[in-house]
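Chain and residue survey
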Amino acid sequence: MSGKSDEPIAPGVDWDAAAAAFDEEPDHGLLDPGVRAAWARRLRDWLPEHGCDLLDLGCGTGSLSLLAAEQGHRVTGVDLSPAMIDLARAKLAGRDAVFLLGDAAAPPVGEQRFDTLLVRHVLWTLPDPARVLRHWRGLVRPGGRLVLVEGVWGTVTPVGIPADRLTALLAPLTGHARVERLSQDPGLWGGAVADERYAVVATV
């Protein structure tokens, strides 16, 4: 999702075809040192202080997975695109990370449970967010957390999931949930944005 555009990448895009150029967007590849540092700071705030088992759903090319691994976390990434998974595996070669081909809504992790689920710009694309959140909640160990980065994009026909709707969906599933507004932090996006971008960190 571009920091220079108000429009997200729509569901139904050919992610394998998009993979080669995916990291060119400032908040995808985190190639700019300032953008990379901004996301690293946020992850330090959102993730546990000590190394944890982290599930990165819709991981794309693994940019956030790499930041998490660099901070000492053990990462499992899931993406529906084989090309994205190949790029993520190459990006994290030699790290404590594994990448699986699969649907973020029903990740192929069996009975494995995690301390943290990290999901960026994925939930809004799924047809039944309430059901998906219930499933994700079951993948988290007691005392763990969900870190969900979402937003609402566009003005004429906006798409996405507003923060108040997401917190309402989480209310019966989690304990404390805090919302961090991200639109006012241009460092995350490679420039100023006018739409609603936020993170919800919820404990279970």
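Remember, it's a predicted structure, so these values are computed and weren't measured experimentally. (Residues numbered from 1 in each chain as written. Predicted model: local features only at pLDDT ≥ 70, side-chain atom pairs only at ≥ 80, totals over all residues. Heavy atoms only, no water.)

**What about the side chain of arginine 42?**
Topologically, arginine 42 is positioned in helix H3 (residues 33-46). On the basis of relative accessible area, arginine 42 is assigned to the buried category, the value being 17%. Those residues in contact with arginine 42, other than ones at most four positions away along the chain, are Glu180, Arg181, Leu182, Asp185 and Leu188. (Helix = DSSP H or I, 4+ residues; strand = E, 2+ residues; numbered from the N terminus. Buried < 20%, exposed > 50% of the residue type's maximum accessible area, 1.4 Å probe, protein only. Contact = heavy atoms within 4.5 Å.)

**Examining helix H5 (residues 82-91)**
Turning to H5, its buried residues are Met84, Ile85 and Ala88. Along the long axis of H5, the arc covered by the buried residues comes to 100°, so they all point the same way. On its buried face, H5 sits against helix H1 (15-22), strand S2 (74-79) and strand S3 (97-101). (Arc of directions from axis to C-beta.)

**Here's the deal with the pattern of salt bridges**
Summed over all chains, the structure comprises eleven salt bridges. The salt bridge partner of arginine 36 is glutamate 70, with a shortest N-O separation of 2.8 Å. Of this pair, arginine 36 sits in helix H3 while glutamate 70 sits in helix H4 (residues 63-70), and the two are 34 residues apart along the sequence. Residue aspartate 128 pairs with arginine 131 through a salt bridge whose shortest N-O separation is 3.9 Å. (Salt bridge = Lys/Arg side-chain N within 4 Å of Asp/Glu carboxyl O.)

**Quick notes on the nonpolar core**
In this structure, Trp39, Leu43, Trp46, Leu54, Leu64, Leu67 and Leu182 are the most contacted members of the largest nonpolar core, which totals 30 residues. Of all elements in the fold, only H3, H4, H5, strand S5 (140-153) and strand S8 (196-203) reach the threshold of two or more residues within this core. No other element matches H3, which puts six residues into this core. Here tryptophan 46 is in contact with Trp39, Arg145, Val147, Val149, Arg178, Glu180, Leu182, Ala199 and Val201, once residues within four sequence places are set aside. Grouped together as the second largest cluster of nonpolar side chains are 28 residues, Leu117, Val140, Ala163 and Val200 included. (Core = buried A, V, L, I, M, F, W, Y, C linked by side-chain atoms within 4.5 Å.)

**Here we look at the environment of threonine 76**
Summarising the element assignment, threonine 76 is placed in strand S2. Threonine 76 sits in the buried class, given a relative accessible area of 7%. With 41 residues separating them in the primary sequence, threonine 76 and leucine 117 have C-alpha atoms 9.7 Å apart. Leaving out residues up to four positions away in the same chain, threonine 76 has contacts with Leu54, Leu55, Asp56, Val98, Leu100, Val109, Gln112 and Phe114.

**Section: the pairing of S5**
The element S5 is largely enclosed, with a buried count of ten among its 14 residues. Considered for its hand, the β-α-β crossover made up of strand S4 (residues 114-120), helix H6 (residues 129-137) and S5 is right-handed. Alignment of S5 against S8, held across eight bridges, turns out to be antiparallel. Of the residues in S8, the one forming a bridge with valine 147 is valine 201. Direction of pairing for S5 relative to strand S6 (residues 159-160): antiparallel, over a ladder of two bridges. In the strand pairing of S6, tryptophan 153 is matched with valine 159. Here S5 hands over to S6 after five residues, with glycine 154 in that stretch at a positive phi of 95°. (Right-handed = clockwise from strand over helix to strand, strands pointing away. Pairing = 2+ DSSP bridges.)

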